[in-house]
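Spelled out from the first residue to the last, the chains are:
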Protein chains: 2
Amino acid sequence: MAVSKNVSCGLDFCSVPDLKDCLYVANCSKYHFVCIPLVHPNYKREFISPEIKRSEPWTRSDLILCSSDWSTLVVGKLSPHIYVDSKIHSVAKNSEETLLQELALASHLGLVAITIKLKGNIENNMNLARIMFDKLSTTQNFQAQVWIQVPMENPKKQAYSYREDIDLDKTEIESTWQWWNQFRIVCDYDRKLIVALIVSNDLPDEDEITRWLGEPVKCLIIPTTVFITNKNGFPVLSKAHQAMIRKFCALDVQFVITGANRHQNIIHYYHYMDHLWKNWQPNGPIERFARGYEDYLQCPLQPLMDNLESGTYEVFEKDPIKYAEYQAAIESALKDIGSEKEARNEKDSIVVMVVGAGRGPLVRAALNASANAKRQIKVYAVEKNPNAVLTLQALQQEMWGDVVTIVSSDMRDWNAPEKADILVSELLGSFGDNELSPECLDGVQKFLKDDGISIPYSYTSYIAPVQSSKLYNEVKGCRDKDKHSLAHFEMPYVVHFQNKYDIDLPQPLFTFNHPNKDAKIDNSRYGKNIFKAEQDCVLHGFSGYFLAILYKNIKISIEPRTHSPRMFSWFPIFFPIKDPVNLKAGDEIVSHFWRCCSSKNVWYEWSVEKPVPIPIHNPCGRSSTIGL
Amino acid sequence: MAVSKNVSCGLDFCSVPDLKDCLYVANCSKYHFVCIPLVHPNYKREFISPEIKRSEPWTRSDLILCSSDWSTLVVGKLSPHIYVDSKIHSVAKNSEETLLQELALASHLGLVAITIKLKGNIENNMNLARIMFDKLSTTQNFQAQVWIQVPMENPKKQAYSYREDIDLDKTEIESTWQWWNQFRIVCDYDRKLIVALIVSNDLPDEDEITRWLGEPVKCLIIPTTVFITNKNGFPVLSKAHQAMIRKFCALDVQFVITGANRHQNIIHYYHYMDHLWKNWQPNGPIERFARGYEDYLQCPLQPLMDNLESGTYEVFEKDPIKYAEYQAAIESALKDIGSEKEARNEKDSIVVMVVGAGRGPLVRAALNASANAKRQIKVYAVEKNPNAVLTLQALQQEMWGDVVTIVSSDMRDWNAPEKADILVSELLGSFGDNELSPECLDGVQKFLKDDGISIPYSYTSYIAPVQSSKLYNEVKGCRDKDKHSLAHFEMPYVVHFQNKYDIDLPQPLFTFNHPNKDAKIDNSRYGKNIFKAEQDCVLHGFSGYFLAILYKNIKISIEPRTHSPRMFSWFPIFFPIKDPVNLKAGDEIVSHFWRCCSSKNVWYEWSVEKPVPIPIHNPCGRSSTIGL
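Because the structure is predicted, anything quoted here is derived from the model rather than measured.

Calculation rules
Residues numbered from 1 in each chain as written. Chains lettered and ligands numbered in written order. Predicted model: local features only at pLDDT ≥ 70, side-chain atom pairs only at ≥ 80, totals over all residues. Heavy atoms only, no water. Helix = DSSP H or I, 4+ residues; strand = E, 2+ residues; numbered from the N terminus. Contact = heavy atoms within 4.5 Å. Areas by Shrake-Rupley, 256 points an atom, 1.4 Å probe, with all protein chains shown as cover. Lys, Arg positive; Asp, Glu negative; His and termini not counted. Charge placed at Lys NZ, Arg CZ, Asp CG, Glu CD. Pairing = 2+ DSSP bridges. Axes fitted to C-alpha atoms, helices over the stretch in contact; angles between N-to-C directions. UniProt positions renumbered as here; feature names shortened; annotations may be inferred. Buried < 20%, exposed > 50% of the residue type's maximum accessible area, 1.4 Å probe, protein only. Patch = residues over 30% accessible without salt bridge, like charges linked within 9 Å, V, L, I, M, F, W, Y side chains within 5 Å. Salt bridge = Lys/Arg side-chain N within 4 Å of Asp/Glu carboxyl O. Right-handed = clockwise from strand over helix to strand, strands pointing away. Phe/Tyr/Trp six-rings, centres within 6.5 Å; stacked < 30°, edge-to-face > 60°. Expected span 1.5 Å × (residues − 1). Least-squares fit on C-alpha atoms with pLDDT ≥ 70 in both. Disulfide = S-S within 2.5 Å. Buried area = accessible area lost by both parts, 1.4 Å probe. Nonpolar A, V, L, I, M, F, W, Y, C, P; charged D, E, K, R; others polar.

A look at the overall build of chain A
- A count of helical and extended segments in chain A gives 16 helices and 26 strands.
- Viewed in the frame of its principal axes, chain A has a C-alpha envelope of about 105 × 55 × 50 Å.
- At a minimum sequence separation of 6, the contacts of chain A that also span at least 24 residues come to 78%.
- Working note: accessible area of chain A is about 27200 Å², and carbon and sulfur atoms make up 50% of it.
- Across chain A, the 69 positively charged side chains and the 76 negatively charged ones have centroids separated by 2 Å.

Put into structure tokens, the structure is as follows:
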């Protein structure tokens, strides 16, 4: 098992006469890196009609540190007087020259990150955005991340709180999230743009904090003034601040401590953050299983078309919950059927067919259930993957004996010798029907007795609107030159969500019941859902989940509100949209999803009608289909 | 000269028992095509749990016409009872089957177009949009255009006008343009989706009509009830209807006459439309010159990097206005300089340098001006294209004599033997500075006397926000696999606009003056403009123009309000944006344009701040630059 990551904590300096001293100070107090001005704050240069000609160098030499230290220990702060959007032409021009000079220096030094503070909305930052995006879009030359410092709370809000003439409830104060949102839109969601959130004394609403979880927040800047002092004189954070910071731990943030030391030693800030970090590393079975897969896009499995590998079986057989629930469901069904048979005085064994038996976990569950329920059963284990059949045959010979019959066949082609009382399958994908469970079970239900039971009995997919610039960017990066230019936006991905904000709660979408007794079975579906945005945010796509009823009240679910505790077999699914949709507080989001079927394939199409219509994604399954 | 195109007029039939009869009727009255139901209106099929089993075929046989007649004479109307968005599942399902059947029939027959009527906004048409887009996006199978019939006026408006309890001014009635706009967004602006506008008795506001000029309107459907009767008993249209139809003539629309014949003979409708069409074909020098180039995207010339061809010179030398204006400007300047020289009692010739002389039109203008002004001149004709120099040398030997000196050199590298009184150049592109006139003239102004004159003296570029789904689609189709995936949206195009709607009037952007006496010449520019949308519409980009002051009050301009009459040398320029922006009536559009300069290149970057920010286009000139 991977060990949990250590905290990464930096120390901010507002001016640095001697860089080696400063690194020594930081290092003695265990800090991992420093944030320093690239140029001494007093050293404002004049490029346009210079009045003062200086002959001395305008900043320190690169020889002070070796290049590996520059690239690991130092985050460069751009000069705070840079104001490229000034209405005064000479100030704007001079700022532009200064900015370009400092950016070139950062490249020269090979810094891993530079940082600049955002002070307002895009209206006053178009030129800053243009220059930064110009730099970022020429990737060869500029490798550093750009940490955009954004205050958690609009400074106006604090300023207004002292004024009696202003009613805060009635005054509209722009959220600083909008500053960031507009800025990164103009920079076309560049991956190297990162948020460094400046923690404020008064925290914004819970909603506003969770909205940041959908953004690429890689750093929290904590002023020393935010810390309070415990009875032993050490710096600690208020409960509210702790709760806020805990939310960000899952995003693997770094911390930067800024401001004058207000306690005995600056090492105490580090110790405290390290202590919080270690306490909060999530470490349940799901987290352990998912480690390294956070926000990583995977293509959904197509077990119907492709055979699974041994390693894949092995991983999923380890799920501590899934097979226990199946066993409970089978046991309950066996008891019910057994009682009926007793009532009718029938003595024969109960026939259980496991369709898609894999390497046998459901056969094992059935045999255990039979023992617990004290009901004789006869098991058919049907499996199409010839490699898994080898495992089944070995198990049958060595352990299970005659009670189990192994059938090496695609379940849809098989001719069963008798009809089943119970049909057990585990064909569900992250989105329920997306591994074609409906089509498979329709194909075999002819072998189920009229009063036979299907386990699962019913399953429903769920969707929810989601904001995640991280995932949007991941999808954007998946472009494949050989495919349709939108193909990467027109397929669902399986993903362990971390860096996301849930715009609204999930809602049910498509439901399938088994056995399906309709005269003409139609597995195409169409669903329209209406969600609501509580605050301004951005729609990047939809998360998808499922809930399956195995038997009676026995369920397995990955839908967040009903998630089966500790079950790790499924990550959610993600349906992206090609252009992010800006949402206003109160906006309705009306989504449309279609499940379409041809004789060869099944695929999804999706679109949004409100607040603005967007194009149908994946028409005719041009970018993604699931093969029958 | 190309002959103007003939009118194309079709006749609509609401039911067609015998197709040959119907074609005979239409043909006798000169109509070019017919619109007919694909299936007889009474023939509603039942796919879901059919109660009536029919054995007879559900529509006529394809053998009735030969395939070339099917593909040229017939527009197929989809059954009006199709309602795939019905809330009643069986109606929706049955409609879907019917629709798919009729679309397949249209493909089978090889029809050039099918048509269906839009009856409301996207809320009630998501499924229709999905099915149509599914068909359209599988291009191999479906070649027909889809004419989406849209009423010019919301039928509600007419209905409400009879009701006293409704105050029309206070009731918000959705515009039918929004029906179309939302529908085609969901269909991702598919090129094969075409608008067929149904002309109403009461016409909407002028604004609403001009907005349609930015849409792919390819057909006007005119009910016979719209026609009035003149004193001879013939059908004619009201002045208002005539004016409206005239606007669409430039878009090469077709007409369809629909409804019962209300006059002596249906041929009269045809005759009238033909008469209007012929009267209205625009036929000035610009239209003649531009014929065939309507809405055709061209890459701007780069005469500084590439040498022009003989044919290109020939075309532009024919401009009836440009050189007359230059001649007038030179004449006026010669008179002024001459008077000053006389006052100072100087006798030497006035030195005129033509920089970028091409094949000599400006030399000719200077010589004519000299004769008219009765002032002796000495001309240097500087040209870098060695092929054009050959022409200049021949003209000098055969016609001009010693008064003209031909210099074969790039103007920026030349060492002039003396200084000039007048510097004449024609280096302007459609956007003024976009062929690098500023940089070229800066390079040669050292040869201009301190009180010398540059012709042109000043030029200004103009931009205006524009709606044109046609151009958006043209740009979208220019994707080049070998370039950046957005490259085609990040370059300006020269284009003779036809199918466009001007959202607001042009505003000045960048101005250059010559000679430039700044201590440090800076040809980079930045401009922010604020426009306003009068009504709901879509921003697809910006049109660009220029106005140049040659000398004193002598101007040449392609800015619409000041366009030099009959001058055809320049088409406007178009700056696209990658994602259309939906605008609401009253919205401010805040645009930002930058002219950026490096030592090798000049390029533009552009973006929009309001109503919503969009990404910077062409950062660092990654997609388009102009080489120095």
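Things to note about the sheet that holds strand β11 (residues 350-355) of chain A
Residues and elements named next belong to chain A.
- In spatial order, the strands read β13-β12-β11-β14-β15; together these five strands make up an open sheet with parallel pairing. Among the strands making up the open sheet, the edge pair consists of β13 (404-408) and β15 (448-455). The average angle at which neighbouring strand axes cross in this sheet is 20°, direction not considered.
- In this fold helix α12 (residues 322-344) packs onto β11, β12 (377-383), β14 (420-425) and β15, with an angle of close to 160° to the strand it touches most, β15.

Looking at the UniProt feature "active site" (unreviewed entry) in chain A
All names here are of chain A.
- When the UniProt feature table is mapped onto this chain numbering, "active site" (unreviewed entry) sits at E426 and E435.
- Its place among the elements puts E426 in the loop between β14 and α15 (437-444).
- In this structure E426 touches K322, Y323, Y326, V355, P361 and L362, once residues within four positions along its chain are discounted.
- Within the secondary structure layout, E435 lies in the loop between β14 and α15.
- We classify E435 as buried; its relative accessible area is 15%.
- Contact partners of E435, with chain neighbours within four places excluded, come to L301, P303, L427, L428 and G429.

Remarks on the environment of K347(B)
- Mapped onto the elements, K347(B) comes out in the loop between α12 (322-343) and β11 (350-355).
- Linking K347(B) and F575(B), residues 228 residues apart in sequence, is a C-alpha distance of 51 Å.

Some remarks on unusual backbone geometry
Residue and element names in this part refer to chain A.
- Looking along the chain, the bond that leaves I455 and enters P456 is cis, with omega of 5°.
- If you trace the backbone, P456 turns up in the loop between β15 and β16 (458-467).
- Of note, the amide linkage connecting H514 to P515 takes the cis form, showing an omega dihedral of -5°.
- Turning to its location among the elements, P515 is positioned in the loop between β19 (507-513) and β20 (525-532).
- With a phi close to 65°, N618 is a non-glycine residue in the positive phi region.
- As for its placement among the helices and strands, N618 is situated in the loop between β25 (601-610) and β26 (626-627).
- Judged by relative accessible area, which is 0%, N618 ranks as buried.

Some points on a nonpolar patch on the surface
- On the surface, Y83(A), I88(A) and V91(A) cluster together to form a nonpolar patch covering roughly 260 Å² of accessible area.
- Along the chain, I88(A) turns up in the loop between β3 (74-77) and α3 (89-109).

Details of the pairing of strand β7 (residues 217-223) of chain A
- The buried count for β7(A) comes to six of seven residues, which makes it a mostly enclosed element.
- One crossover worth recording links strand β6 (residues 193-198) of chain A to the parallel β7(A) by way of helix α7 (residues 206-212) of chain A, and it is right-handed.

Describing the packing of aromatic side chains
Residues and elements named next belong to chain A.
- For the coordinates displayed, the defined rule picks out 44 aromatic pairs over all chains.
- On the numbers, 6.1 Å between centres and 85° between planes, the contact of F255 with W277 is edge-to-face. With F255 in strand β10 (residues 254-258) and W277 in helix α9 (residues 267-280), this pair connects stretches of sequence that are 22 residues apart.
- The exposure class of W277 is buried, given its relative accessible area of 2%.

Concerning the UniProt feature "binding site: S-adenosyl-L-methionine" (unreviewed entry) in chain A
All names here are of chain A.
- Following the UniProt record, one finds the feature "binding site: S-adenosyl-L-methionine" (unreviewed entry) at Y313, K322, Y323, E383, D410 and M411. The greatest C-alpha distance among the annotated residues, which extend across 99 residues, is 23.6 Å, indicating that they are dispersed rather than converging on a single site.
- Owing to a relative accessible area of 13%, Y313 belongs among the buried residues under this scheme.
- For Y313, the contacting residues outside a window of four places in its chain are L308, G358, R359, E383, N385 and A388.
- If you trace the backbone, M411 turns up in the loop between β13 and β14.
- Contacts of M411, omitting those with residues within four sequence positions, involve V355, G356, V382, L427, C440 and V444.

With respect to α9(A)
Residue and element names in this part refer to chain A.
- Counted at 1.5 Å a residue, the expected span for α9 with its 14 residues is 20 Å, and the 20 Å between its end C-alpha atoms agrees.
- Burial of α9 is extensive: 10 of the 14 residues sit out of reach of the surface.
- As for α9, its buried residues are in contact with β1 (9-12), α1 (19-28), β7, β9 (235-236), α8 (239-249) and β10.

Some words on the relation of the copies chain B and chain A
- With an RMSD of 0.0 Å, chain B superimposes on chain A once it is rotated by 180° and translated 0.0 Å along the axis. Such a turn and shift between the copies fits a two-fold axis. Using C-alpha coordinates, one finds that chain B approaches the rotation axis most closely at K481(B), a distance of 3.8 Å.
- Mapped onto chain A, 100% of the interface residues of chain B again fall at the interface, so both copies present the same surface.

What about the sheet that holds β10(A)?
All names here are of chain A.
- Read around the closed barrel, the eight strands follow the order β1-β2-β3-β4-β5-β6-β7-β10; overall the barrel is parallel. The average undirected angle you get between the axes of adjacent strands in this sheet is 25°.
- Here strand β4 (residues 113-117) pairs with strand β5 (residues 145-151) via five bridges, running parallel. The partner of A113 across the bridge, within β5, is Q145.

Concerning the pattern of salt bridges
- Counted by the stated rule, this structure contains 70 salt bridges over all chains.
- The partner of K470(B) in a salt bridge is E474(B), and the shortest N-O contact between them spans 3.5 Å. Here K470(B) pairs with E474(B), and both are found in helix α16 (residues 469-476), just four residues apart, close to one helical turn.
- What makes K470(B) partly exposed here is its relative accessible area of 28%.
- A salt bridge links K528(B) to E609(B); its shortest N-O distance comes to 3.7 Å. With K528(B) in strand β20 (residues 525-532) and E609(B) in strand β25 (residues 601-610), this pair connects stretches of sequence that are 81 residues apart.
- Judged by its relative accessible area of 35%, K528(B) falls in the partly exposed class.
- One network of salt bridges, in which partners are shared, links E340(A), K341(A), R344(A), E346(A), D348(A), D421(A) and K449(A).

A short note on the state of the cysteines
Residues and elements named next belong to chain B.
- Taken as a whole, this structure holds zero disulfides over all chains when the rule is applied.
- C35 supplies the cysteine sulfur nearest to C219, a cysteine that is in no disulfide, at a spacing of 6.5 Å.
- Classification of C219 as buried rests on a relative accessible area of 0%.

Some words on the interface of chain B and chain A
- Contact residues are listed per partner, giving 39 residues for chain B and 39 residues for chain A.
- Counting the surface lost from both chain B and chain A, the interface buries some 3500 Å², and carbon and sulfur atoms represent 55% of this.
- When the buried area of chain B at its contact with chain A is split by residue, M126(B), R130(B) and P613(B) rank highest and sum to 16% of it.
- As a salt-bridge pair, K578(B) and D188(A) come within 3.9 Å of each other at their nearest N and O atoms.
- Every element with two or more residues in the side of chain B that touches chain A is listed here: α4 (126-137), α6 (176-186), β20, β23 (573-583), β24 (588-597) and β25 of chain B.
- No other element matches α4(B), which puts six residues into the side of chain B that touches chain A.
- Residue classes in the side of chain B that touches chain A are distributed as 16 nonpolar, eight polar and 15 charged.

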